[in-house]
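# Architecture at a glance
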Amino acid sequence: MNSRPMIQATGVTKSIRNGAHCVEILKGINLSIPAGQFVAIMGASGSGKSTLLGLLAGLDAPSSGSIMLDGEEISQLEEDALARLRGRKIGFVFQSYQLIPTLTAEENVLLPMELSGNGEDPGRARELLDHVGLAERRHHYPVQLSGGEQQRVALARAFMVRPPILMADEPTGNLDTANGRHVLDLLLDLNRHEKTTLLLVTHDRDLAANAGRRVLLRDGEIVSDELQAPNE
Amino acid sequence: MNRAPQKTLLWRTAAKIASRELRATPGKFLFVVLAVAAGVGALSGVRGFSMAARSMLLRDARKLMAADVMMRLREAPSAEQKATLDALSAQGIVRTTITETISMSVTTGAPVPQMVTIKAVDPRVYPFYGAITLAPPQSLAEALRADTVAASDDLLQRLKTGVGQTLRLGGKDFRIVAALITEPDRLSGNPMAGARILMSRDALERTGLIGPGSRAQNRLLFRLTPSAGVEDVKSRLQKAFPGAQIIDYRETDPGITRGLDSSTVFLSLVSLVALIVGSLGVAMAMHSHMQQKMDTIAIMKSIGARSGQIMRIYLLETVWLGLAGGVLGIALGAAVQRAFPVLIQRFFDQRPDIVWSWSFVAQGMAAGLASTVLFTLPALLRVRRVRPVLVLRREMEETTSASGFPARAKSTAAIGVPLILGFGLIAVWIGNSWEIGGYFTGGLLASLLALSAVAWLLLRSLRWFLRAAPWKLPPTLRHGIANLYRPGNQAQPVLVSLGVGVMFTLTVFLVQRSIVGDIVSKAPPERPTFSLWTFVPNKSRASPRWSKSRRASTARWNSHPRSRCALPPSMASPSKTIRMKT
Ligand SMILES: Nc1ncnc2c1ncn2[C@@H]1O[C@H](COP(=O)(O)OP(=O)(O)OP(=O)(O)O)[C@@H](O)[C@H]1O
Ligand SMILES: [Mg+2]
């Protein structure tokens, strides 16, 4: 095991100026996640889960504190450097799929690799689409796919560049139970297969039960952080 | 891993996204493309026509002068100068003189005198090149005798007369033997449009209009012999007539090209304004388009796209719109070029050929593209301000704006300076002069700043009004007004571009007026000046009622001898004595 944590947050705060007063959304988060761990981040709506995920992924800058990804300090990086780093290190799955509407399923899956400047690997894209059961639909545009299918395309896209970290924000939040279960199974399967570090934000206790560690947020603070035996 | 294929790969994907986005909303950009097309079309049409006209002037230089060499003269040649002319004649170089002057003419049928330009030629030798067309057709030597004239159609109409009738000039009767249809050297003569009379030099003598002090314009035409080199003849003439304007067939007549050039520059700048308005339209359409694509931009950023990579998509879209406008504009320009000669036919006997010049196509396209891209640059650069964290929010937020005055000023300058510089270069190129380009760009910059300030003030005071208003506005109105100054709202740019449109329309109008004034006041002195004064009967002092004069002031008028235009007895009632300075 590598001793260096894959994700390390130290004293991270985020406050937002809302008119005259300042709202502190995150209040001093300390979190260290070793490589390969599957962490579920839980908490009530508005507790700051998405905000934390955004900071850890470098989508947003913290008001104070430091964030290291795979040994690299990211809170001081500028936009383009951050984008590069995201492209290399992080796969995303969002609640609302977030596919590019003007690209087909296959083109969406290929995009992160193109953006990273590592050429294209249509073989891998097809393999991933095959894995999520959408080999037949690869020339379809997002609007031609159901929510569950779109989320499976997003899943394939997230794994395209073999990122060391996968971050998912309520990936099954918009799906019905059966589709949600299917997507989650695929996610866990791919995660095991690719050996990524997985950060999963969810409301759902059952989903969280699959994780090796559960972090509970309340009002912008970590109120519990426990390891558990994942139920498989 | 080499980088080049990676780059083309990304461009390919950007092109895919761009083309699909544009195809999804074909109507959105139609009007702005048409606006760019109008600008490019006008620009390439004007310049294309100007080039065609210039090449025609050169190609037909002999015909347009009706000679190999032409000299404009204000004074009668001195004895010494006559000797030079005689020496040339001895060498076999044929010479003839054309005199043009202005007078009034009447017929018994139309008692109101009409102003006419009289052109007197020697019908035995004139013209050396080209031909005079008369209706009914006849040779010039047969037609023009000491008591006959040919008159232009419009004069015949105005005088309510026709071929076979007589008209009066300088108190003498002349029989109209033909209608004057075309003259090869029409452009070399008096620039005044309108009624014309062609007569022989003998007939002009008979009118008595030419005397000491009369301001007639003389042109000496020369036909060279094969042995007499044009350069040699010209230099001898220049030595003998220092300061006289001498033109040979190898060059265009500056008297004509000066007018052509200034109209070309003026019309080009007007076209450029149309292009600016079109480009501003593209920029604003692009801005609102990108505002709708913020989620796509945020997604791309979240999966590793840098701003520069995303900008390629919208740059491509802009370039394609500019190109579409350009291609349409070139087609339009070709139509304009075709229409132009018809519009100015009365000055050009021969229509200029339509030249299809790839350099003008390229220039029109370049101007269209450059101005479209330049104006869209600010919108394109906003890609940098889209925050990737948008992907985590269900509701979409506005982009962040650079905060604080220095940061904002810096980012404005970063966009504004290259924009103005680029634009200035286009204006310099079109105006063909650093000075014109500079003035034009300065004017644009100043007006943009002024309009922005006005728009800002307007929106500010609206906001203040909304806050301070003691009464309650209806909620719909309140929301409507509040929307105008919401961050990210386009009210200010919309106001500014509206202002630009209105302002330029006004400027074009004013400039056009002042150019006309300029042409009138700067006309070369050898062009005749004339004044018309009406004398009211039974009053001892003359009272000027109407005067049209370029340079003639009353003082000058008085210092010049004037000829009196004697009217036929039927007209000579004292109510209308017209005095002419010719
Ligand atoms: N840009 C913002 N402006 C104002 N308030 C914000 C902003 N972003 C987040 N917040 C506030 O911060 C808090 C945390 O938001 P966040 O989206 O992280 O919660 P969450 O735990 O993901 O909730 P949910 O489960 O509903 O997604 C909320 O109260 C939210 O209103
Ligand atoms: Mg959330």
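Residues numbered from 1 in each chain as written. Chains lettered and ligands numbered in written order. Predicted model: local features only at pLDDT ≥ 70, side-chain atom pairs only at ≥ 80, totals over all residues. Heavy atoms only, no water.

To continue, consider the overall build of chain B. Scanning chain B for helices and strands turns up 17 helices and 13 strands. Put simply, chain B has 582 residues, and 46% of those count as buried. Just so you have it, chain B exposes about 28200 Å², and 62% of that area is on carbon and sulfur atoms. (Helix = DSSP H or I, 4+ residues; strand = E, 2+ residues; numbered from the N terminus. Buried < 20%, exposed > 50% of the residue type's maximum accessible area, 1.4 Å probe, protein only. Areas by Shrake-Rupley, 256 points an atom, 1.4 Å probe, with all protein chains shown as cover.)

Attention now moves to the overall build of chain A. When helices and strands are tallied, chain A shows seven helices and 10 strands. The C-alpha radius of gyration computed for chain A amounts to 17 Å, which stays within 12% of the reference 17 Å derived for 232 residues, consistent with globular compactness. With respect to the principal axes defined by its C-alpha atoms, chain A has extents near 50 × 45 × 40 Å. For chain A, with 232 residues in total, the buried portion stands at 55%. A distance of 2 Å separates the average location of the 23 positive side-chain charges in chain A from that of its 30 negative side-chain charges. (Rg over C-alpha atoms; globule rule 2.2 N^0.38 Å. Lys, Arg positive; Asp, Glu negative; His and termini not counted. Charge placed at Lys NZ, Arg CZ, Asp CG, Glu CD.)

Taken together, 14 residues lie around ligand 1, and Ser45(A), Gly46(A), Lys49(A), Ser50(A) and Thr51(A) are the ones closest in. Near ligand 1, the surrounding residues belong to chains A and B. In the model, an oxygen atom of ligand 1 is placed 2.4 Å from a nitrogen or oxygen of the Ser45(A) side chain. Residue Gly46(A) places a main-chain N or O atom 2.8 Å away from an oxygen atom belonging to ligand 1. Contact with the protein chains removes 70% of the 630 Å² of surface that ligand 1 exposes when unbound. Counting residues per element, the shell around ligand 1 draws most heavily on helix H1 (residues 49-56) of chain A, at three residues. (Near = heavy atom within 4 Å. Polar contact = N/O pair within 3.5 Å; in protein donor to acceptor, adjacent residues only side chain to side chain.)

This brings us to the sheet that holds strand S5 (residues 72-73) of chain A. Residue and element names in this part refer to chain A. The strand order across the open sheet formed by four strands is S2-S1-S4-S5, and the pairing between neighbours is antiparallel. Two strands close off the open sheet at either side, each with one partner strand: strand S2 (21-34) and S5. Where strand S1 (residues 5-18) meets S2, 10 bridges bridge the pair, whose relative direction is antiparallel. Paired with Asn 18 across the strands is His 21, a residue of S2. Against the sheet, H1 engages S1, S2 and strand S4 (64-69), with an angle of about 60° to S2. (Pairing = 2+ DSSP bridges. Contact = heavy atoms within 4.5 Å. Axes fitted to C-alpha atoms, helices over the stretch in contact; angles between N-to-C directions.)

All names here are of chain A. Strand order in the open sheet formed by six strands is S6-S7-S8-S3-S9-S10, with mixed pairing between adjacent strands. Each edge of the open sheet carries a strand with a single partner, namely strand S6 (90-93) and strand S10 (221-227). Across the sheet, the mean angle from the axis of one strand to that of its neighbour is 15°, orientation sign disregarded. In the sheet, strand S7 (residues 165-169) pairs with strand S8 (residues 197-201) via five bridges, with the strands oriented parallel. Residue pairing across strands places Ala 168 opposite Leu 200, the latter belonging to S8. Seen against the sheet, helix H2 (residues 79-89) touches S6 and S7 and runs at an angle of roughly 80° to S6.

All right, on to the packing of aromatic side chains then. The tally for this structure, following the rule as stated, stands at one aromatic pair over all chains. Aromatic pair Phe92(A) and Phe94(A): ring centres 5.1 Å apart, planes at 15°, arrangement stacked. A relative accessible area of 3% places Phe92(A) in the buried class. Directly above the aromatic system of Tyr249(B) lies the positively charged group of Arg62(B), at a separation of 3.8 Å from the ring centroid. A cation over an aromatic ring shows up here: Arg206(B) above the ring of Phe174(B), its NZ or CZ 4.6 Å from the ring centre. (Phe/Tyr/Trp six-rings, centres within 6.5 Å; stacked < 30°, edge-to-face > 60°. Lys NZ or Arg CZ within 6 Å of the ring centre and 35° of its normal.)

On to unusual backbone geometry, then. Here the bond from Tyr126(B) into Pro127(B) is cis, since omega is -10°, no more than 30 degrees from zero. On the secondary structure map, Pro127(B) appears in the loop between strand S3 (114-121) and strand S4 (133-135). Between Ala135(B) and Pro136(B) the backbone carries a cis peptide bond, its omega angle lying at 0°. For Tyr97(A), which is not a glycine, the phi torsion comes out positive at approximately 60°. Assignment of secondary structure puts Tyr97(A) in the loop between S6 and helix H3 (105-116). Of note in this structure, Lys160(B) is not a glycine but carries a positive phi near 50°. With respect to the helices and strands, the residue Lys160(B) is situated in the loop between helix H6 (153-158) and strand S6 (166-169).

Okay, the interface of chain B and chain A next. Between chain B and chain A, the contact holds 28 residues from the first and 34 residues from the second. Interface area, chain B with chain A, both sides summed: about 3000 Å², of which 58% is carbon and sulfur. Contact with chain A buries area across many residues of chain B, yet Ile303(B), Arg306(B) and Leu392(B) alone supply 23% of it, more than any other trio. Applying the counting rule to chain B against chain A returns three salt bridges. Across the pair Asp60(A) and Arg387(B) runs a salt bridge whose closest N-O atoms are separated by 3.5 Å. Along the contact surface separating chain B from chain A lie nine residue pairs in polar contact (both at pLDDT 80 or more). (Buried area = accessible area lost by both parts, 1.4 Å probe. Salt bridge = Lys/Arg side-chain N within 4 Å of Asp/Glu carboxyl O.)

A separate point is the side chain of Asn108(A). Residue and element names in this part refer to chain A. With respect to the helices, strands and loops of the structure, Asn 108 is situated in helix H3. Residue classification places Asn 108 among the buried positions, given a relative accessible area of 0%. Those residues within four positions of Asn 108 in sequence are excluded, and the remaining contacts are Leu 99, Ile 100, Leu 103, Pro 142, Val 153 and Arg 157.

With that settled, consider the packing of helix H2 (residues 30-59) of chain B against helix H12 (residues 358-381) of chain B. Axes are the key here: two packed helices are described by the angle between their axes and the distance separating the axes. All names here are of chain B. Relative to each other, H2 and H12 sit at 150°, their axes nearing to 9 Å. As the angle between them shows, H2 and H12 are arranged roughly antiparallel. Seen from above, H2 lies across H12 with right-handed handedness. Of the residues in H12, those in contact with Val 36, Val 40, Leu 43, Ser 44, Arg 47, Gly 48 and Met 51 of H2 are Phe 360, Gln 363, Gly 364, Ala 367, Gly 368 and Thr 372. Across the contact of H2 with H12, the residue classes tally to six nonpolar, six polar and one charged. (Parallel < 35°, antiparallel > 145°, perpendicular 65-115°, else oblique. Left-handed = near helix turned anticlockwise from the far one by under 90°. Nonpolar A, V, L, I, M, F, W, Y, C, P; charged D, E, K, R; others polar.)

Time to look at the pattern of salt bridges. Applying the stated criterion across every chain, the model contains 30 salt bridges over all chains. We note a salt bridge from Glu106(A) to Arg138(A), for which the minimum N-O separation is 3.6 Å. Of this pair, Glu106(A) sits in helix H3 while Arg138(A) sits in the loop between helix H4 (122-131) and helix H5 (147-159), and the two are 32 residues apart along the sequence. Taking relative accessible area as the criterion, Arg138(A) reaches 21% and is therefore assigned partly exposed. A salt bridge links Arg158(B) to Asp154(B), with the shortest nitrogen-to-oxygen separation between them at 3.5 Å. Of this pair, Arg158(B) and Asp154(B) are both found in helix H6, four residues apart, which corresponds to roughly one turn of the helix.

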